[in-house]
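Listed here are the chains, written in short residue letters.
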Amino acid sequence: MRNGFEDLDLARLRRRHSEKWRLYPPDVLPAFIAEMDYDLAEPVRAALHSAIDLDDCGYAQPAGIGETFARFAAARHGWTVDPGRVHLVPDVMAGFDLILRLTTEPGDRVVINPPVYPPFFAHITDAGRRVAEVPLVRTDGRWDLDFDALEGAFAAGARGYLLCHPHNPTGRVFSLADLRRIAALAEQYGVIVVSDEIHASLTLPGARHTPFVSAGDAAAEHGVTLASASKAFNIAGLKGAVAVAGSASMQGLLRRLPAASQYGAGLLGVLASLAAWESGAGWLDTLIAQLDHARTEFGRLLGERLPEAGYVPPEASYLAWVDCARLGLGPDPAEVFLRRGRVALGRGLDFGAPGDGFVRVTIGTSSALLADIVDRMATAVAG
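Residues numbered from 1 in each chain as written. Predicted model: local features only at pLDDT ≥ 70, side-chain atom pairs only at ≥ 80, totals over all residues. Heavy atoms only, no water.

## Focus on empty space enclosed by the protein
Alright, step 1. Evaluated as defined, the whole model comprises six cavities of 30 Å³ or more.
Alright, step 2. Considering only enclosed or pocket space, the largest cavity measures out at about 90 Å³ in volume.
Alright, step 3. What lines the largest cavity is a set of 13 residues, among which His77, Glu197, Ala200, Ser201 and Ala227 lie closest to the centre.
Alright, step 4. Mapped by element, the contributors of at least two residues to the lining of the largest cavity are helix 4 (65-77) and strand 9 (223-227). (1 Å grid on protein atoms, 1.4 Å probe; cavity = no way out; pocket = protein on both sides within 12 Å on 5 of 7 lines; lining within 4 Å. Points joined across faces, edges and corners; volume = space filled by probe spheres on them. Helix = DSSP H or I, 4+ residues; strand = E, 2+ residues; numbered from the N terminus.)

## A look at the sheet that holds strand 8 (residues 192-196)
Alright, step 1. Spatially, seven strands are ordered 2-10-9-8-7-3-4 in an open sheet, and the strand pairing comes out mixed. In this open sheet, the two edge strands, each paired with only one partner strand, are strand 2 (86-89) and strand 4 (130-133). Averaged over all neighbouring strand pairs, the angle between strand axes comes to 25 degrees, with direction disregarded.
Alright, step 2. Pairing between strand 2 and strand 10 (residues 241-245): four bridges, direction antiparallel. In the strand pairing of strand 10, Val89 is matched with Ala241. (Pairing = 2+ DSSP bridges. Axes fitted to C-alpha atoms, helices over the stretch in contact; angles between N-to-C directions.)

## Digging into the packing of helix 4 against helix 11 (residues 267-279)
Alright, step 1. Two numbers describe how helix 4 lies on helix 11: the axes approach to 9 Å, and their chain directions differ by 35 degrees. Both helix 4 and helix 11 take part in a crossing whose hand is left-handed. Side by side, helix 4 and helix 11 meet where Ile65, Thr68, Phe69, Arg71 and Phe72 of the first sit next to Val270, Leu274, Trp277 and Glu278 of the second.
Alright, step 2. Looking at side-chain class alone, the contact of helix 4 with helix 11 contains six nonpolar, one polar and two charged residues. (Left-handed = near helix turned anticlockwise from the far one by under 90°. Contact = heavy atoms within 4.5 Å. Nonpolar A, V, L, I, M, F, W, Y, C, P; charged D, E, K, R; others polar.)

## A word on the packing of aromatic side chains
Ring pairs (aromatic) are described by centroid distance and by the angle formed between their planes.
Alright, step 1. Tallying each qualifying case throughout the model produces 14 aromatic pairs.
Alright, step 2. Measuring from centroid to centroid gives 5.3 Å for Tyr24 and Phe32, while their planes differ by 85 degrees, and the two rings are edge-to-face.
Alright, step 3. Overall, the relative accessible area of 28% leaves Tyr24 in the partly exposed class.
Alright, step 4. Note on Trp143 and Phe358: the rings are 5.9 Å apart at their centroids and 65 degrees apart in plane angle, and the pair reads as edge-to-face. Here Trp143 is found in strand 6 (residues 142-144), whereas its partner Phe358 is found in strand 14 (residues 358-362), with 215 residues between them in sequence.
Alright, step 5. Judged by its relative accessible area of 5%, Phe358 is buried.
Alright, step 6. Connected via pairs of aromatic rings, a cluster forms that spans Phe5, Tyr38, Phe233 and Trp283.
Alright, step 7. We note Arg181 situated over the ring of Phe147; from NZ or CZ to the ring centre the distance is 3.9 Å. (Phe/Tyr/Trp six-rings, centres within 6.5 Å; stacked < 30°, edge-to-face > 60°. Buried < 20%, exposed > 50% of the residue type's maximum accessible area, 1.4 Å probe, protein only. Lys NZ or Arg CZ within 6 Å of the ring centre and 35° of its normal.)

By themselves, these are just geometric observations and shouldn't be taken as functional.
Next up, the structure:
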């Protein structure tokens, strides 16, 4: 029986039409974008086939999304969610855009924590707001929040905080204590916290994800959690996410979302999300075990082929943040890996100044393809 996690056919993958497989020439192995190579979960596949069989490609309808997400959140994260406080949005970043416009004014500062998901920078500036960078601090390879700098940014007048939790690209899962410290500062300075938790369901063994708005009264009063099935179930192209209010006051805010916001979600995205949250637990458990193996295997391969590379296994997701400073490839090692090794990796500098000398590697693939990725990296260094 074919294993949809390890028995991956590169020729078959190259027939896909997503950006991962179409951006570069066919001699390049892509590992640059947050997209896994695995087969879809069977419940998701069945829901999509059923929709096509019914020619069901009209506008999205959010019926059942709150109840289904609430059951999933309780089972996966121990999080009690009021289904009435779950609001359909097109995707996580579109949800952030909508909330940003409801809670801040043009020119307001919004805090982010570089190195961080590159679109954070653009979405804030495109909305006419200003980015306030509070970089994570690195201790023994581990990336932590700088609470003194965070308070400084809040005290200086920042009105919003876009929190990446779990953090992309470092793979950190912030603790309950961390979240409560954030919430206390948000309460003290009147800051709205929008928590991007798109990778939450991919928290790996040894870590525990706590949704921000569940971290106490202050978090609930000053925060909104954005969640989606898109990363865990590899359906980002289908469009569908939820914004979740943890309090009556935040529910009042989300009720002001424009009615048109739900139409940005795709019907297939909603149907796939419902199937994933309702019936995908077994597949997701298998995926978590696969990713736990992948992060260990990637570290082993680096140790054999590129021992000078710095790597701390992620606590969540399928993204590896690799320090290439000791490899002598300069500030943009991704360019060297692509040119010499024909492997496309995420450019560290795109994640902000702390990404100097780093690459982000997508490791959500088979052991054989992981080995190919590292072999190509090693070829580039030797070249």
